[in-house]
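Below, each chain spelled out in residue letters.
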Amino acid sequence: MKKTLLCIAFSILGVYSYGQRRPLHKAVPFKDANAAKAYLQNQADSLKFSGNVLVMQNGKDLIKESYGLASKEKNIPINIDTKINLGSINKAFTAVCVLQLIEAGKINFEDKITKYIPELKANMANEISIRNLLEMKSGLGSYWDSPIFLDNYKNLRNLEDYVPIIAAYSLSSKPGTERQYSNSSYELLGILVQRVSGQNYYDYVRENVYKKAGMVNTDAFERDKSVQNLAQGYSKFKVGEDFETQLPPERQYAFNYNVNDRSPVKGTAAGGGFSTVDDMKQFVYTLTSNQLLSKTSTDLLINHFRDSPDRNPVYNIRGGSTGINSVVFYNASKDLLIIVLCNYDPPVGSEVARRLIATFNS
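Please read these numbers as outputs of a predicted model, since none were measured by experiment.

**Student:** Explain the packing of helix H3 (residues 90-103) against helix H8 (residues 201-213) to me, and be specific about the residues and the numbers.
**Tutor:** Orientation of H3 relative to H8, taken along the N-to-C sense of each, is 90°, at an axis distance of 10 Å. Viewed along their axes, H3 and H8 adopt a mutual orientation that is roughly perpendicular. Contact residues: H3 offers Asn90, Phe93, Thr94, Val96, Cys97, Gln100 and Leu101, while H8 offers Tyr201, Tyr204, Val205, Asn208, Val209, Tyr210 and Lys212.

If you want it as structure tokens, here you go:
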């Protein structure tokens with residue numbers, strides 16, 4: 001029964017971790033920026049790419065272009081300020097919030113999460129530390145196969161609604177021992193932010209991340225409400241088909257199915273918020289210049305919580321699900337920023353990003 005539910009969850013909702021899969025082939029670089037733009041326009045004209053692309057180096061825009069449609073139903077084109085789904089990139093914002101609270105002395109890395117969320121009753125849940133959650137070593141995976149979630153995902157508007165869903169899960173490994181990509185971990189971190197700060201998570205992240213970084217078009221918008229200049233996501237998979245479905249050739253690039261009804265009604269601390277290429281640029285530059293966190297905390301975040309005496313010059317975050325494929329790549333040593341926000345299935349946006357990285361980061 002659980003295996004069946006897992007397949008249903010993947011086919012209806014996708015997974016915000018999809019964009020993390022490693023490609024099997026080497027990316028082919030473009031000759032130059034003009035060749036890249038010509039390729040992207042051709043892909044858009046062939047309905048094989050849709051989204052916004054930004055490539056900046058040394059403060060100069062090499063590529064800043066929009067392609068495709070924000071709404072196929074209304075024939076509305078994407079423009080450079082169109083808000084596009086980030087998928088799991090929201091986890092980076094949540095991590096910043098948690099590190100801010102640690103810096104403020106309100107919580108500690110080694111605090112057990114049950115100190116703040118005592119509803120977690122699974123065996124070994126009282127061993128999960130905040131550090132484990134940040135590192136994705138909590139022993140928790142994702143809640144996408146939960147019958148409670150599947151029955152209610154269109155009505156989940158507050159992170160507290162996820163507590164009983166996650167609390168129903170058993171741990172798959174001892175906390176701190178194995179890394180497992182985990183949406184549940186980051187939902188718990190968002191709930192932690194709410195309970196410790198005394199603010200709604202969405203208010204906290206607006207005030208302490210988006211506002212500080214000058215991100216004016218970024219938020220977790222509710223899908224059942226009208227939002228100006230918001231892109232719909234489009235999938236080549238029908239409801240009931242998952243990413244492993246073998247499609248006939250004529251459907252390989254037929255991104256015709258609106259995914260608005262396949263995801264939770266509102267983005268969360270783990271993913272599903274919307275942003276623009278300019279806002280994500282603001283986030284990267286504000287973060288890497290230590291304006292959101294101290295240098296020590298920023299180093300830790302950019303190194304993805306892996307121990308290192310030096311900050312990795314490359315900061316790379318991604319997100320993917322049905323109708324979502326977003327990539328942010330920044331190489332500080334070359335002052336090279338590449339952002340691809342795509343409203344088609346993975347790996348459409350990821351492949352574009354890989355080719356752009358191969359072109360400008362070589």
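**Student:** Can you break down the nonpolar core residue by residue, with the values?
**Tutor:** Ranked by internal contacts, the top residues of the largest apolar core, which has 80 residues, are Phe93, Met280 and Phe283. Contacts of Phe93, omitting those with residues within four sequence positions, involve Leu86, Val205, Val209, Tyr210, Met215, Thr218, Met280 and Phe283. With 25 residues, the next largest nonpolar core counts Val55, Ile338, Tyr344 and Ala353 among its residues.

**Student:** Can you tell me about the packing of aromatic side chains, naming the residues and giving the values?
**Tutor:** Evaluation of the coordinates by the stated rule reveals 16 aromatic pairs. Here Phe49 and Tyr67 contribute two aromatic rings whose centre-to-centre distance is 5.9 Å and whose plane-to-plane angle is 70°, an arrangement assigned as edge-to-face. Taken together, the positions of Phe49 in the loop between helix H2 (33-45) and strand E1 (51-57) and Tyr67 in strand E2 (residues 60-67) put the pair 18 residues apart, joining distant regions of the chain. Since its relative accessible area comes to 1%, Phe49 is described here as buried. With a centroid separation of 5.4 Å and 85° between ring planes, the pair formed by Phe93 and Tyr210 is classed as edge-to-face. Of this pair, Phe93 sits in helix H3 while Tyr210 sits in helix H8, placing them 117 residues apart in sequence. Every member of this aromatic cluster is reached through a ring pair, and the members are Tyr143, Trp144, Phe149, Tyr153 and Tyr162.

**Student:** Pulling in residues and values, what's your account of the layout of surface pockets?
**Tutor:** Empty space within the second largest pocket amounts to approximately 500 Å³. Lining the second largest pocket we find 22 residues, and of these Lys236, Gln252, Tyr253, Pro347 and Val348 sit closest to its centre. Mapped onto the lining of the second largest pocket, the elements with two or more residues apiece are H2 and helix H11 (348-360). Counting residues per element, the lining of the second largest pocket draws most heavily on H11, at four residues.

**Student:** So what about unusual backbone geometry? Which residues, and what values?
**Tutor:** Negative phi is the rule for most residues except glycine; trans is the rule for most peptide bonds. For the bond from Pro346 to Pro347, the omega torsion is 5°, close enough to zero to count as cis. Although it is not a glycine, Asn229 adopts a positive phi angle of roughly 60°. Exposure remark for Asn229: the relative accessible area of 28% places this residue in the partly exposed category. Unusually for a residue other than glycine, Asp335 sits at a positive phi of about 45°. Residue Asp335 is classed as partly exposed on the basis of its relative accessible area, which comes to 23%.

**Student:** Can you break down empty space enclosed by the protein residue by residue, with the values?
**Tutor:** All told, the structure shown has three cavities of 30 Å³ or more when counted by the stated rule. Considering only enclosed or pocket space, the largest cavity measures out at about 100 Å³ in volume. Surrounding the largest cavity, 16 residues form its lining, Arg223, Ala231, Gln232, Gly233 and Phe274 being those nearest its centre. Across the lining of the largest cavity, the residue classes break down as six nonpolar, nine polar and one charged. Classifying every residue of the lining of the second largest cavity by side-chain character gives nine nonpolar, no polar and one charged.

**Student:** How would you sum up the pairing of E1? Please name residues and give values.
**Tutor:** For E1, the tally of buried residues reaches six of seven residues, placing the bulk of the element in the interior. With seven bridges joining them, E1 and E2 adopt antiparallel strand pairing. Note that in E2 the partner of Asn52 across the bridge is Ser66. Connecting E1 to the antiparallel partner E2 that follows it, the hairpin turn spans two residues, and Asn58 within it adopts a positive phi of roughly 55°. Here E1 pairs with strand E11 (residues 336-342) via seven bridges, running antiparallel.

Parameters at a glance
- The residue numbers shown here count from 1 along each chain, following its written sequence.
- A pLDDT threshold of at least 70 governs which residues receive local features in this predicted model, and a stricter bar of 80 or more applies before side-chain atom pairs are shown or counted, although totals over entire chains, interfaces and linings include all residues.
- As a convention, hydrogens and water are excluded, and side-chain values are obtained from all of the structure's heavy atoms.
- Lines fitted to C-alpha atoms define the axes, with helix axes restricted to the stretch in contact, and inter-axis angles between N-to-C directions lie between 0 and 180 degrees.
- Helix and strand assignments come from DSSP, with helices taken as H or I runs of at least 4 residues and strands as E runs of at least 2, each series counted from the N terminus.
- Here the word oblique covers every angle except those under 35 degrees (roughly parallel), over 145 (roughly antiparallel) and from 65 to 115 (roughly perpendicular).
- Any two residues whose heavy atoms approach within 4.5 Å at even a single point are treated as in contact.
- For the purposes of this section, nonpolar cores are sets of buried Ala, Val, Leu, Ile, Met, Phe, Trp, Tyr and Cys residues that join through side-chain atoms within 4.5 Å.
- Accessible area is worked out with a 1.4 Å probe on protein chains only. A residue is then buried under 20% of its type maximum, exposed over 50%, and partly exposed in between.
- Here is the rule: rings of Phe, Tyr and Trp (six-membered ring for Trp) pair when centre to centre is within 6.5 Å. Planes less than 30 degrees apart are stacked, more than 60 are edge-to-face, and the remainder are tilted.
- In the cavity and pocket records, a cavity denotes points on a 1 Å grid over the protein atoms alone where a 1.4 Å probe fits but cannot get out, a pocket denotes an open set with protein on both sides within 12 Å along at least 5 of 7 lines, and lining residues are residues with an atom within 4 Å of a point.
- Grid points are joined across faces, edges and corners, and a volume is the space filled by probe spheres set on the points.
- Residues are sorted three ways: Asp, Glu, Lys and Arg are charged, Ala, Val, Leu, Ile, Met, Phe, Trp, Tyr, Cys and Pro are nonpolar, and all the rest, Gly among them, are polar.
- Two strands qualify as a pair provided that DSSP identifies no fewer than 2 bridges between them.

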